[in-house]
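# Observations on the model geometry
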Amino acid sequence: MQLRRHWQLCGWVLVLGCLLSLRLAAQPRNRQALEREKKQNLEKMSQIRNILKETSSQKDVSLGQLKALNQQIKTQSSQINLLSEDLKLIETEMDELRRAGELLDRDMGKLKKEYAAMIYAADRRRQQVNPLGFLFSADSYNQLVARYRYLKQYSDARQSQVRQIESVQRQMEEKRLATERKRRQQKSTLLVKLGESKKLETLKEKQNKVVDELGKKEALLRAELTESRRAVSRLETMIRRIIEREARERAERERLERERLARLEAARRAAEKKRAEEAAAAATAGEKTTTPATPAPAEAPAVSDVTTKPVERPNANNFNEAEVALASSFTASKNRLPWPVQTGFISDRFGRKEHPVLKGVIVENLGIDIQTNAGEPVRTVYEGTVRDVTYMPGMNTVVAIQHGDYMTVYAKLRSAIVKVGQRVKARDIIGFVSTDKDGVSEVQFQIWKNYSRLNPETWLVPR
């Protein structure tokens, strides 16, 4: 009876240990994901601080400085939220450790109670029956073996129970130490969160100050907005002209291809007709004489061979097979395209939105603005062909690259190192970002599909 109860308890402790391991094993994955996100956010905060230093070095405040501050506040708030999640996760981990410790403590009590009962029972049996006498008083050899096995199992059970008690004690100590580490981590994280919260308050005060100073320059801001809208309109007109020009060129290629195919078809039919006439003439001559028919001219089959080969035909949009394949692979790269600059953040997002300072004024962005470091190299996001390189007031140098029926546009470049017609690969440097009079280094990035504007943020790999 004592032996059976011992093995039942050992089995329960084993199952309990497995369950605790599974529950606690789920925590590191959450912890790893959280730590990875905190690290990425810290790197983003560092980038924004470096970029903000460049814009803040100017005496006058600017919209670029305000946009950088807004982004810094956003990442700072995100970091505080991550720290709050960290504290919640620590509390959850401590609860798990506390429950595990309680379960182990309870099992330790059961193990000790069972072990004490086993020792007491063994001592009473020794007083009543000598183990050697118990063995040799057996009526048969088989009964002797059975009694020996019983005594050995009982001895093994006692030793196993001792080992189990020691194992539970070690686990309890590990849980206690882990709980202490979590308490220290909790205090440290709480202090970091308080520090980040103070930084956020300072940033918001600075933001309010910049907004107030910009509010005093309403006339200047409205003049800059008017010029910006003109620049955007000029850029949109340029892009549409490029698309129309490419469409005309593809239509012309299609027309020339149709004419070529028509000429080849006419030549093939003429050759077939000539062979048929010669064959008929040869057959007629064969009836009159025994002279073999004259063979068809050697060059006639060559014309037929050329004209009967399958010819690559453009599709409904006049794109050839290579252009269709390129557009298809570009489509498949959605949410995985590299950024046009290695460092930076989105300072102005796609679409219509309220002006950050002027109340009641709606502004629209045909792409996204990415604020970065001065002189940062600008890279193409996908392989394609350069269709235009031009200078435009308000947008500086603009580069347009075609990827089948897609087009990517890179504006506000200081200079370009590519030329029209050049083939480029993904991540090739095409130019360098410009810095405006306010010290803001920003690249305007757009994606078009034919005449439709797309949100570039949904195409770039998430940062």
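In this text the structure is predicted, and so the values were computed from the model without any measurement.

## A few points about the overall build of the chain
A count of helices and strands for the chain gives seven helices and 12 strands. Burial status across the chain gives 37% buried among its 463 residues. When contacts within the chain are restricted to residue pairs at least 6 apart in sequence, those whose partners lie at least 24 apart make up 76%. For the chain, the accessible area works out to roughly 26,900 Å², and carbon and sulfur atoms hold 53% of it.

## Re the pairing of strand β4 (residues 368-371)
The two faces of β4 match: Ile368 and Ile370 on one face and Asp369 and Gln371 on the other face are all buried. Relative to β4, strand β1 (residues 345-348) runs antiparallel, the two being bridged by three bridges. Residue Ile346 lies in a different strand from β4, and its bridge partner there is Ile370. Summarising the sheet, β4 and strand β11 (residues 442-449) pair through four bridges and their orientation is antiparallel. Across the sheet, the residue bridging to Ile370 is Val443, located in β11.

## Considerations on the packing of aromatic side chains
Under the defined criterion, the tally for this structure stands at five aromatic pairs. Here Phe330 and Trp459 contribute two aromatic rings whose centre-to-centre distance is 5.3 Å and whose plane-to-plane angle is 35 degrees, an arrangement assigned as tilted. With Phe330 in helix α7 (residues 321-332) and Trp459 in the segment after β12 (452-454), this pair connects stretches of sequence that are 129 residues apart. The interplanar angle of 45 degrees and the centroid separation of 5.3 Å between the aromatic rings of Tyr410 and Phe445 together place this pair among those described as tilted. Of this pair, Tyr410 sits in strand β8 (residues 406-416) while Phe445 sits in strand β11; the two residues are 35 residues apart in sequence, bridging distant segments of the chain. As far as the burial class goes, Tyr410 and Phe445 line up, both buried. Aromatic ring contacts, followed pair by pair, group Phe330, Tyr382, Tyr406 and Trp459 into a single cluster.

## Here we look at the pattern of salt bridges
Taken as a whole, this structure holds 27 salt bridges when the rule is applied. Across the pair Arg387 and Glu246 runs a salt bridge, and its minimum N-O distance is 3.5 Å. Separated by 141 residues along the polypeptide, Arg387 in strand β6 (residues 384-392) and Glu246 in helix α5 (residues 218-288) bring together distant segments of the chain. For Glu246, a relative accessible area of 4% corresponds to the buried category. Where Arg423 meets Glu383, a salt bridge forms, and the shortest distance between an N and an O atom there is 3.6 Å. Of this pair, Arg423 sits in strand β9 (residues 423-424) while Glu383 sits in the loop between β5 (377-379) and β6; the two residues are 40 residues apart in sequence, bridging distant segments of the chain. Counted as one network, the salt bridges with shared partners bring together Glu236, Arg240, Glu364 and Arg453.

## Some thoughts on the confidence of the model for the chain
When pLDDT is averaged along the chain, the result is 79, and 77% of the positions lie at 70 or above. Within the model, pLDDT remains below 50 along residues 298-316, and this stretch shows 21 contacts once partners closer than five positions in the same chain are excluded.

## What about the nonpolar core?
Core analysis: the largest hydrophobic core is formed by 27 residues, its most contacted members being Leu337, Val378 and Tyr410. Mapped onto this core, the elements with two or more residues apiece are α7, β4, β7 (396-403), β8, β10 (429-433) and β11. If sequence neighbours within four positions are ignored, Leu337 has contacts with Phe330, Val381, Tyr382, Ile447, Trp459, Leu460 and Val461. Formed by 20 residues, the second largest nonpolar core is a distinct cluster that contains Ile73, Ile80, Val210 and Leu358.

## What about the side chain of Glu196?
Tracing the backbone through its elements, the reader meets Glu196 in helix α4 (residues 141-215). Of the residues examined, Glu196 reaches a relative accessible area of 10% and is grouped as buried. Those residues in contact with Glu196 that lie beyond four places of it in its chain are Met45, Gln76, Ile80 and Leu83.

## Points about the side chain of Thr385
Turning to its location among the elements, Thr385 is positioned in strand β6. A distance of 2.8 Å separates polar atoms of two side chains, one belonging to Thr385 and the other to Arg423. With sequence-adjacent residues up to four places away left out, Thr385 is seen in contact with Ala400, Ile401, Gln402, Gly421, Gln422 and Arg423.

## Focus: a nonpolar patch on the surface
A grouping of Leu190, Leu191 and Leu194 is seen on the molecular surface, where their side chains present a nonpolar patch of about 300 Å² in accessible area. Looking at Leu190, the relative accessible area reads 42%, which means it is partly exposed.

## With respect to the pairing of β10
As judged from the three bridges shared by β5 and β10, these two strands associate in the antiparallel manner. Pairing of Pro377 across the sheet is with Phe432, part of β10. Note: β8 against β10, three bridges, orientation antiparallel. Across the sheet, Ala416 pairs through a bridge with Gly431, a residue of β10.

## Describing α7
The periodicity of an α-helix, 3.6 residues per turn, causes residues three or four positions apart to be oriented the same way. The end-to-end C-alpha distance of α7 is 17 Å, a good match for the 16 Å that 12 residues give at a rise of 1.5 Å each. Of all the residues in α7, the buried ones are Glu323, Leu326, Ala327 and Phe330. All buried residues of α7 fall inside an arc of 95 degrees around its axis, so they share one side.

## Here we look at unusual backbone geometry
Despite not being glycine, Asn396 has its phi angle at roughly 55 degrees, a positive value. One non-glycine residue, Lys412, lies in the positive phi region at around 65 degrees. Position of Lys412 relative to the elements: it lies in strand β8. In this structure Lys412 comes out as buried when scored by relative accessible area, which is 18%.

What counts, and where the lines are drawn
The written sequence of each chain sets the order in which its residues are numbered from 1. Local features in a predicted model are, by the rule used here, given only for residues with pLDDT of at least 70; side-chain atom pairs are given and counted only at 80 or more, and totals for whole chains, interfaces and linings are based on all residues. Excluding hydrogens and water, the side-chain figures rest on all heavy atoms present in the structure. Only DSSP runs of H or I covering at least 4 residues are called helices, and only runs of E covering at least 2 are called strands; the numbering of each starts at the N terminus. Under the scheme applied here, a residue whose accessible area is under 20% of the maximum for its type counts as buried, over 50% as exposed, and between as partly exposed, the area being computed with a 1.4 Å probe on protein chains only. Whether two residues are in contact is decided by their heavy atoms: any pair within 4.5 Å suffices. Per-residue and other accessible areas follow the Shrake-Rupley method at a 1.4 Å probe size, with only the shown protein chains counted as cover for residues. Two strands qualify as a pair provided that DSSP identifies no fewer than 2 bridges between them. A pair of aromatic rings is counted whenever rings of Phe, Tyr or Trp (Trp by its six-membered ring) have centres within 6.5 Å, and the orientation is called stacked for planes under 30 degrees apart, edge-to-face for over 60 and tilted otherwise. The term salt bridge refers to a pairing of a side-chain nitrogen on Lys or Arg with a carboxyl oxygen on Asp or Glu at a separation within 4 Å. Across the chain, each position has a pLDDT score giving the predictor's confidence in that residue, from 0 to 100. Nonpolar cores are built from buried Ala, Val, Leu, Ile, Met, Phe, Trp, Tyr and Cys residues. Side-chain atoms within 4.5 Å join them into one set. We define a polar contact as two N or O atoms separated by no more than 3.5 Å, with the added condition that, inside protein, one atom must be a possible hydrogen donor and the other a possible acceptor, whereas residues neighbouring each other in sequence contribute only through side-chain atom pairs. Each patch is assembled from residues with relative accessible area greater than 30% and no salt bridge, linking like charges that lie within 9 Å and nonpolar side chains (Val, Leu, Ile, Met, Phe, Trp, Tyr) that lie within 5 Å. What a helix should span is 1.5 Å times the count of its residues minus one. It is the directions from the helix axis to the C-beta atoms whose arc is reported.

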